[in-house]
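Now for the letters of each chain:
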Amino acid sequence: SSVQCPEFTIMVDNRCTMCGHGWFIHEGDCAPCPLGTYQTEEDSIKCSPCPDGLSTLVTAATSHLMCVEVCKAREPLHGTVHPPEGTLLTSPSDVTVLCDEGFSLENGNRHGDVSCDEEVHCSRIQLLDVPEFIIRDTDLTVNCVIEAEHLFENCTLTQDGSVVQTASIFSDNNRQICSFDITLTSSTELSCSAEGAEIQLTGETMESTFLQPAVRANSEAFLVSDTMNLACSAIVPPGHSVLMRWKKHGELVGTPTFSHGNLGMIIHSKDNVQFEDSGEYSCEVEYLGIGVAEAEAIPVTVVGFLEELSD
């Protein structure tokens, strides 16, 4: 007849034996106590749990003294961790985080060691598409603005496809800004790029038309015998002046006007307009002492009931 082992023992090599410290009887066999539990007895069918906030680093723990403070590696959104998420850790710097491409930690790096109980975020890197423009005297100051939860080391300004300057970055109201001074020229294409540890950003190319005058009209379709009123304004660098003139189909209309200060303005008016007053009017602004001229055009159409009889 088969031998029946006493309670809390199992049959091993035709003899009854206890499982031992750190083990327990599970489905007729010996199994190690899982993480977070321990067993001080040799004959047991279950393991004792560690107190709240404590766990073991190994299975088959034999004493409550093996229950220690631990935390689990947690994987951030848009990133990975090593060791893998859920691994029990005791050292505060045992977790290495690697952010996905286009994301970074708060210090600007894509990877780094963090505390295992620290809430880690991989933030998206953002470079504002449109640089800020500030006219100072005869120069144009271009501010490239970066909004991201990390730090960059320097940035580069590209003008018409060529690198023109590299500048360091300073912080202002939770934004990072690098500032460039370029010579005041005609309309140009500008883009900014920023560099940090293992990260490089390139903003979208934009066309700067800050020199072009702003042209507007009360109405682009004037009635016969109506009053035509076209206005043109332009930025004037402090301490300088501009020469403003109206042209129709490239021919001068009226008398050029000198403007000083921060805003130049010229208005072209005509009473009792006729069909022959229709055409493309352009406002031309010449920046004196700089040698730059810009123009903006506006189409004007004269309409009225006599238009049918003019054919």
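Residue indices begin from 1 for each chain and proceed along its sequence in written order. Two thresholds apply to this predicted model, a pLDDT of at least 70 for residue-level local features and 80 or more for giving and counting side-chain atom pairs, whereas whole-chain, interface and lining totals are computed over all residues. Each side-chain value is worked out from all heavy atoms of the structure, with water and hydrogens disregarded.

Moving on, we come to the overall build of the protein chain. Strands here mean DSSP runs of E at least two residues long; helices mean DSSP runs of H or I at least four residues long; both are numbered from the N terminus. Helices and strands together make up the secondary structure of the protein chain, namely 0 helices and 32 strands. Exposure classes here rest on a 1.4 Å probe applied to the protein chains alone. A residue is buried below 20% of its type maximum, exposed above 50%, and partly exposed in between. When each of the 311 residues of the protein chain is scored for burial, the buried share is 38%. In the protein chain, the proportion of contacts linking residues at least 24 apart, taken out of those at least 6 apart, comes to 47%. Contacts are assigned to residue pairs that have any heavy atoms within 4.5 Å of one another.

Residues qualify for a patch when their relative accessible area is over 30% and they have no salt bridge, like charges being joined within 9 Å and the nonpolar side chains of Val, Leu, Ile, Met, Phe, Trp and Tyr within 5 Å. Using a 1.4 Å probe, accessible areas were evaluated by the Shrake-Rupley method; residue-level cover was limited to the displayed protein chains. Whenever a carboxyl oxygen of Asp or Glu lies within 4 Å of a side-chain nitrogen of Lys or Arg, that contact is scored as a salt bridge. A contiguous nonpolar patch, built from Leu57, Val58 and Met66 and spanning about 240 Å² of accessible area, is present on the exposed surface. Summarising the element assignment, Val58 is placed in the loop between β7 (54-55) and β8 (68-69). Judged by relative accessible area, which is 43%, Val58 ranks as partly exposed.

Should DSSP find at least two bridges between two strands, the strands are regarded as paired. As summarised here, the arrangement of the 3 strands in space is β10-β12-β14, forming an open sheet in which the pairing is antiparallel. If you trace the sheet from one side to the other, it starts and ends with β10 (79-82) and β14 (111-114), each paired once. Each adjacent strand pair in this sheet contributes to an overall mean axis angle of 25°, direction not counted. Note that strand β12 (residues 95-99) and β14 share 4 bridges and pair antiparallel. Every axis in this analysis is a line fitted to C-alpha atoms, fitted for helices over the stretch in contact. Angles between the N-to-C directions lie between 0 and 180 degrees.

What follows deals with the environment of Ala293. Its location among the elements puts Ala293 in strand β32 (residues 292-303). In this structure, the C-alpha to C-alpha distance between Ala293 and Met244, residues 49 residues apart in sequence, is 9.5 Å. The contact partners of Ala293, leaving out residues within four places of it in the chain, are Val285 and Glu286.

Our working definition of a disulfide is a cysteine sulfur pair at a distance within 2.5 Å. Counted by the stated rule, this structure contains 6 disulfides. Sulfur-sulfur distance for the disulfide between Cys5 and Cys16 comes to 2.0 Å. Classification of the bridge connecting Cys5 and Cys16 rests on its S-S torsion, roughly -90°, and on that basis the disulfide is left-handed. Of the two residues, Cys5 is situated in the segment before β1 (10-12) and Cys16 in strand β2 (residues 15-17); the sequence distance between them amounts to 11 residues.

To continue, consider the nonpolar core. Formed by 20 residues in total, the largest nonpolar core has its most connected members in Met244, Trp246 and Cys283. When residues of this core are traced back to their parent elements, those giving at least two are β27 (228-235), β28 (241-248), β31 (279-287) and β32. Setting aside anything within four residues of it in sequence, one finds Met244 in contact with Cys232, Ser233, Ala234, Pro256, Thr257, Ser259, Gly264, Met265, Ile266, Cys283, Glu284 and Val285. Nine residue types can take part in a nonpolar core, namely buried Ala, Val, Leu, Ile, Met, Phe, Trp, Tyr and Cys, and a core is a set of them joined through side-chain atoms within 4.5 Å. Ranked by size, the runner-up nonpolar core spans 13 residues in total, among them Cys71, Ala73, Val95 and Val120.

Turning to the sheet that holds β27, a few remarks are in order. On the basis of which strands lie adjacent, the open sheet formed by 3 strands has the order β25-β27-β30 and antiparallel pairing. If you trace the sheet from one side to the other, it starts and ends with β25 (214-217) and β30 (263-270), each paired once. The sheet shows a mean angle of 15° between the axes of neighbouring strands, taken without regard to direction. Of the strand pairs in this sheet, β25 and β27 are connected by 4 bridges, and their pairing is antiparallel. Residue pairing across strands places Arg216 opposite Ala231, the latter belonging to β27.

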